[in-house]
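# Summary of structural features
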Amino acid sequence: MSSTSETALKPGSPIQVFYSGNRGHLPTIDRAKGVYLWDTTGKKYLDASSGPVITNIGHGNERVLQAMNEQAAKVCYASRAVFENQPNRNLAKKLVGLAGPSFDQAFLVGSGSEATEAAIKLARQYAVAKGEVQRTIVLARNPSYHGATLGAAAVTGDPQSDAVFEPVMRIMPKVPAPFSYRLPEGVSVEEHALDCAKQLDQQITETGAENVLAFIMEPVGGLATGGLVAPDCYYKAIRDICTKHGVLLIFDEVMSGAGRTGTFLSAEHWPDARPDMVTLAKGVAAGYTPLAAVLTPNYIVEPIVASGGFLHGHTYSANPLSCAVAVAVVDEMLRMDLMSNARDVGAYLMEGLRKIADQSAIIGDVRGKGMLMAVELVADKASKALIPAEHRAVYRLLEIGIDNGLLLYTRKTAGGKFGEWVMVTPPLTLTHEEADELLHLFAKSISDFERELA
Ligand code: PLP
């Protein structure tokens, strides 16, 4: 394998330097429509990533733009200390309705990280309201990602971030994520997943169940675990463990929710493992405006309200403009039946990616659900060895994709010792024809990279 030259990420460099890689610049976005984007040179890109898995209904949706204009002309913002607003009510009702009978209330915020923070604070206030004041610990998985703010970073399983930010936050204990591709010798996927669940049970016992507030996890993995879907037995096991210990189960559906995996909540895939709270973001407003939510049942909200109310809020929480836009986005998702499309075209894409993997020496695994998929790269399929770090494999594939007019999603610390992958997460509007184009560009990008490695 030949070595590509390294890009030094200098302290203080803007984060975008990562994407510009060796070339030292990023293309400048000009416009976007449907699943395509154009830069200011006129170059066209097919969006195989929906940005960081956000533009679920595609770009430039006319009905959403109309709703945005109409609401903006009425009122963009009004203080919630003085006014309720109808778009807030409409959106909360819509989200709770789509989420099914386990949820009664939606608390609206502006980002996935804020949703994680709000879920943790709801869990804490619920415990305090019940007189269980010693409950302070939120368990999570390693690796995982739940957001960039300090509370969310504390439950994120990312040792690199911990090393830098530990002095300013209280890092929470982690249990292993149930990876399915690299398994301990002689152990089945199910056995391994159940062992990971058992480690949650042990961690709760070790921490003292009376000290634990909640366990947070992504039901279908995002970037941190690359589209990881555990076997069904895992979900039931962790639900039972949380129930046994009186620990709240929080599903982080910031990436996997809002139809991305073919159902409104990913939780719907495992009806015997319903979470106590769910966070949503990204696809709820699909990149048209910042909007996120925590869905909760009444049994969590009522004691908090009775004890004086939720001690939380942001200036932009539930602002009328964002809520009206999100209502229009969700309506469009339903009108275009994008959850069915996520299942149908998602399965078609998965099959196409697996065919490309069969022909490729460097694709070790293709996994995911609906239109939340990841492709894992390896140096050698038999040993599953990682491609040596100097090749910056996933970033290099991202750069080659950009050259070929294909947008993928990955990140600097993707995988590490757990492996490395690129996300294939196009807008849920993707047609079969566009899927063929995506697969063609992906196959080309993989063979360009293989030639470079040879
Ligand atoms: N949780 C998950 C699973 C995510 O994927 C992300 C973002 O990628 C977040 C939380 C944080 O969301 P945000 O970037 O909107 O703060």
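Residues numbered from 1 in each chain as written. Predicted model: local features only at pLDDT ≥ 70, side-chain atom pairs only at ≥ 80, totals over all residues.

What follows covers the overall build of the protein chain. Counting its regular elements, the protein chain contains 14 helices and 14 strands. Relative to its length of 454 residues, the protein chain is compact, with a C-alpha radius of gyration of 22 Å against a globular reference of 22 Å. Projected onto its principal axes, the C-alpha coordinates of the protein chain cover approximately 65 × 60 × 45 Å. Counting every position in the protein chain, which comprises 454 residues, the buried fraction comes to 50%. (Helix = DSSP H or I, 4+ residues; strand = E, 2+ residues; numbered from the N terminus. Rg over C-alpha atoms; globule rule 2.2 N^0.38 Å. Buried ≥ 20, exposed ≤ 12 C-beta atoms within 10 Å, placed from the backbone.)

Our next topic: helix α12 (residues 338-359). Taking 1.5 Å as the rise per residue, α12 with 22 residues should run 32 Å; its terminal C-alpha atoms sit 30 Å apart, in good agreement. Leu-338, Met-339, Asn-341, Ala-342, Val-345, Gly-346, Leu-349 and Leu-353 are the residues of α12 that are buried. Lining the buried residues of α12 we find α11 (320-335), β11 (363-369), β12 (372-377), β14 (420-424) and α14 (432-453). (Expected span 1.5 Å × (residues − 1). Contact = placed C-beta atoms within 7 Å.)

On to the site of the ligand. The ligand sits among 15 residues. The nearest are Ser-111, Gly-112, Ser-113, Gly-147 and Val-254. Element by element, the count of residues in the shell around the ligand is highest for helix α5 (residues 112-129), at 3 residues. Across the shell around the ligand, the residue classes break down as 6 nonpolar, 7 polar and 2 charged. (Near = placed C-beta within 6 Å. Nonpolar A, V, L, I, M, F, W, Y, C, P; charged D, E, K, R; others polar.)

At a minimum axis distance of 9 Å, the contact between helix α3 (residues 62-74) and α11 shows a crossing angle of 155°. Judged by the angle between their axes, α3 and α11 are roughly antiparallel. In the packing of α3 onto α11, the handedness of the crossing is right-handed. Contacts between α3 and α11 involve Arg-63, Val-64, Ala-67, Met-68, Gln-71 and Ala-72 from the first element and Pro-320, Leu-321, Ala-324, Val-325, Ala-328, Val-329 and Glu-332 from the second. Of the residues that constitute the contact of α3 with α11, the class distribution is 10 nonpolar, 1 polar and 2 charged. (Axes fitted to C-alpha atoms, helices over the stretch in contact; angles between N-to-C directions. Parallel < 35°, antiparallel > 145°, perpendicular 65-115°, else oblique. Left-handed = near helix turned anticlockwise from the far one by under 90°.)

So, about α3. The end-to-end C-alpha distance of α3 is 19 Å, a good match for the 18 Å that 13 residues give at a rise of 1.5 Å each. Every buried residue belonging to α3 is among Val-64, Ala-67, Met-68 and Gln-71, and all of these are buried. End-on view of α3: buried residues confined to an arc of 100°, all on one side of the axis. Away from the buried face of α3 by more than 90 degrees, exposed residues Glu-62, Gln-66, Asn-69, Glu-70 and Ala-73 are located. (Arc of directions from axis to C-beta.)

Here the focus is the sheet that holds strand β3 (residues 44-47). Strand order in the open sheet formed by 4 strands is β1-β2-β3-β13, and the pairing between neighbours is mixed. Whereas interior strands pair on both sides, the edge strands pair on one side only; in this sheet they are β1 (29-33) and β13 (406-407). Two strands pair when backbone bridges link them, and strand β2 (residues 36-39) and β3 are joined in this way by 3 bridges, in the antiparallel orientation. Residue pairing across strands places Leu-37 opposite Tyr-45, the latter belonging to β3. (Pairing = 2+ DSSP bridges.)

Further remarks concern the sheet that holds strand β6 (residues 174-176). Across the sheet, which stays open at both edges, the 7 strands sit in the order β4-β10-β9-β8-β7-β5-β6 with mixed pairing between neighbours. In the strand order of this sheet, the two ends are held by β4 (105-109) and β6, each with one partner. Put simply, the sheet's adjacent strands are angled 25° from each other on average, direction ignored. Two strands pair when backbone bridges link them, and strand β5 (residues 137-142) and β6 are joined in this way by 3 bridges, in the parallel orientation. Across the sheet, residue Asn-142 finds its bridge partner in β6, namely Pro-176. Of the strands in this sheet, β4, β9 (277-280) and β10 (292-296) touch helix α4 (residues 86-99), which is tilted by about 125° from β4. Set on the sheet, α5 makes contact with β4, β5, β7 (212-217), β8 (248-253), β9 and β10; between it and β10 the angle comes to about 25°.

Okay, the packing of helix α8 (residues 189-207) against helix α9 (residues 232-245) next. Where α8 contacts α9, the two axes come as close as 9 Å, and the packing angle between them is 15°. Taken together, the axes of α8 and α9 are roughly parallel relative to one another. Relative to α9, the crossing made by α8 is right-handed. Between α8, through Glu-190, Ala-193, Leu-194, Cys-196, Ala-197, Leu-200, Asp-201 and Ile-204, and α9, the contact on the second element is made entirely by Cys-233, Tyr-234, Ala-237, Ile-238, Ile-241 and His-245.

The residue Asn-88 is located in helix α4 in this model. Taking the C-beta count within 10 Å as the criterion, Asn-88 has 22 such neighbours and is therefore assigned buried. Sequence separation between Asn-88 and Asn-319 is 231 residues; the distance between their C-alpha atoms is 7.2 Å. Beyond its immediate chain neighbours, meaning those up to four positions away, Asn-88 contacts Leu-108, Ala-318, Pro-320 and Cys-323.

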